[in-house]
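Chain by chain, the residues run as shown.
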Amino acid sequence: MGISLIGAGATHQRMKTKAPYDAKMLELLLTYRQTPSTKIWDQLVRLNSGLVRKVVCRLCQDYSNAWQALEEAGFQGLTTALEAFDPKQKTEFSVFAIPYIQAAVVAGLSQHSLDPKRRASLGKWGIQRSASLT
């Protein structure tokens, strides 16, 4: 994940900090595809844990009591994305993974007995996305 800066050099700075992540991510994914191991899997999950937390935080600010369960749901979405990702498509992994993580978190929210108004406030995208990815 790049550093978010405001100003003319922001895009350039984000590109500089994001490139090592992308290269490391691609290298780990290709290595894992060739020779799956728990060590490489753990590195992939650790490398993307910030992405999961960011999605959970953005969607679930009102549910601090369910944070751990929702974060776990986000990691399940990350697992699904890691298994489904094809590095040959030249798509950034984070762009590919966010819908999977969001869908898993929304599904987790519905299991935590949300009231209908809050569920509706998540928007149709979450419920539709959750149904299409599970």
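About the criteria used
- Just so you know, the residues in each chain are numbered from 1, in the order the chain's sequence is written.
- Local features in a predicted model are, by the rule used here, given only for residues with pLDDT of at least 70; side-chain atom pairs are given and counted only at 80 or more, and totals for whole chains, interfaces and linings are based on all residues.
- Hydrogen atoms and water are omitted, and side-chain values are computed over all heavy atoms in the structure.
- Strands are runs of DSSP state E lasting at least 2 residues, helices are runs of H or I lasting at least 4, and numbering of each runs from the N terminus.
- With a 1.4 Å probe rolled over the protein chains alone, any residue whose accessible area is under 20% of its type maximum counts as buried; one over 50% counts as exposed, and the rest are partly exposed.
- The contact rule is simple, with two residues in contact once any of their heavy atoms fall within 4.5 Å.
- Computed with the Shrake-Rupley method and a 1.4 Å probe, the accessible areas treat only the protein chains shown as cover for residues.
- pLDDT expresses how confident the predictor is about each individual residue, on a scale running from 0 to 100.
- Angles run from 0 to 180 degrees between N-to-C directions of axes, and those axes are lines fitted to C-alpha atoms, restricted for helices to the stretch in contact.
- Under this scheme an angle from 65 to 115 degrees is roughly perpendicular, one under 35 degrees roughly parallel, and one over 145 degrees roughly antiparallel; angles in between are oblique.
- Two helices crossing with the near one rotated counterclockwise from the far one by less than a right angle form a left-handed crossing, whereas a clockwise rotation gives a right-handed crossing.
- Lys, Arg, Asp and Glu make up the charged group, whereas Ala, Val, Leu, Ile, Met, Phe, Trp, Tyr, Cys and Pro make up the nonpolar group; the residues left over, Gly among them, are polar.
- What counts as a ring pair is set by centres within 6.5 Å for rings of Phe, Tyr and Trp (its six-membered ring), and what kind of pair is set by the plane angle: stacked under 30 degrees, edge-to-face over 60, tilted for all other angles.
- Within this scheme, the nonpolar core is defined by two criteria: the residues are buried Ala, Val, Leu, Ile, Met, Phe, Trp, Tyr or Cys, and they are joined through side-chain atoms within 4.5 Å.

Asks: So what's going on with the overall build of the protein chain? Which residues, and what values?
Replies: Helix and strand counts for the protein chain stand at seven helices and zero strands. The 134 residues of the protein chain split such that 35% are buried. When contacts within the protein chain are restricted to residue pairs at least 6 apart in sequence, long-range pairs at least 24 apart make up 57% of them. Of the roughly 8400 Å² that the protein chain leaves accessible, carbon and sulfur atoms contribute 54%.

Asks: Lay out the confidence of the model for the protein chain in plain terms, naming residues and giving numbers.
Replies: Averaged over every residue, the pLDDT of the protein chain is 75; residues scoring 70 or more account for 66%. Of all helices and strands in the protein chain, the one with the weakest mean pLDDT is helix α7 (residues 124-133) (50), whereas helix α2 (residues 38-47) scores best (93). This stretch, residues 1-17, has a pLDDT under 50; its non-local contacts, to residues over four places away or in other chains, come to ten contacts.

Asks: How would you sum up the packing of helix α3 (residues 49-59) against helix α5 (residues 93-111)? Please name residues and give values.
Replies: It is the contact of α3 with α5, at a shortest axis distance of 10 Å, that shows an interaxial angle of 50°. Comparing the axis directions of α3 and α5 gives the class oblique. Note on packing geometry: the crossing formed by α3 with α5 is right-handed. On α5, the residues touching Leu51, Val52, Val55, Val56, Arg58 and Leu59 of α3 are Ser94, Ala97, Ile98, Ile101, Gln102, Val105, Val106 and Leu109. Its residues placed into classes, the contact of α3 with α5 shows eleven nonpolar, two polar and one charged.

Asks: Any chance you could break down the packing of aromatic side chains for me, citing the residues and the numbers?
Replies: Within this structure, the stated rule accounts for four aromatic pairs. On the basis of an interplanar angle of 45° and a centroid distance of 5.3 Å, the ring pair of Tyr32 and Trp41 is categorised as tilted. Judged by its relative accessible area of 22%, Tyr32 is partly exposed. On the basis of relative accessible area, Trp41 is assigned to the buried category, the value being 17%. Taking the centre distance of 5.2 Å and the plane angle of 90° together, the rings of Phe85 and Phe93 count as edge-to-face. A residue is classified by how much of its surface remains accessible, and Phe93, at 3% relative accessible area, is buried. The rings of Phe85, Phe93, Phe96 and Tyr100 are connected pair by pair, giving a single aromatic cluster.

Asks: Could you give an account of the nonpolar core, with specific residues and numbers?
Replies: Counting residues in hydrophobic clusters, the biggest one holds 27 residues, and the most contacted among them are Leu44, Leu82, Phe93 and Ile101. Of all the secondary-structure elements, those providing two or more residues to this core are α1 (10-34), α2, α3, α4 (67-84) and α5. Considering each element in turn, this core owes the most residues, eight residues, to α5.

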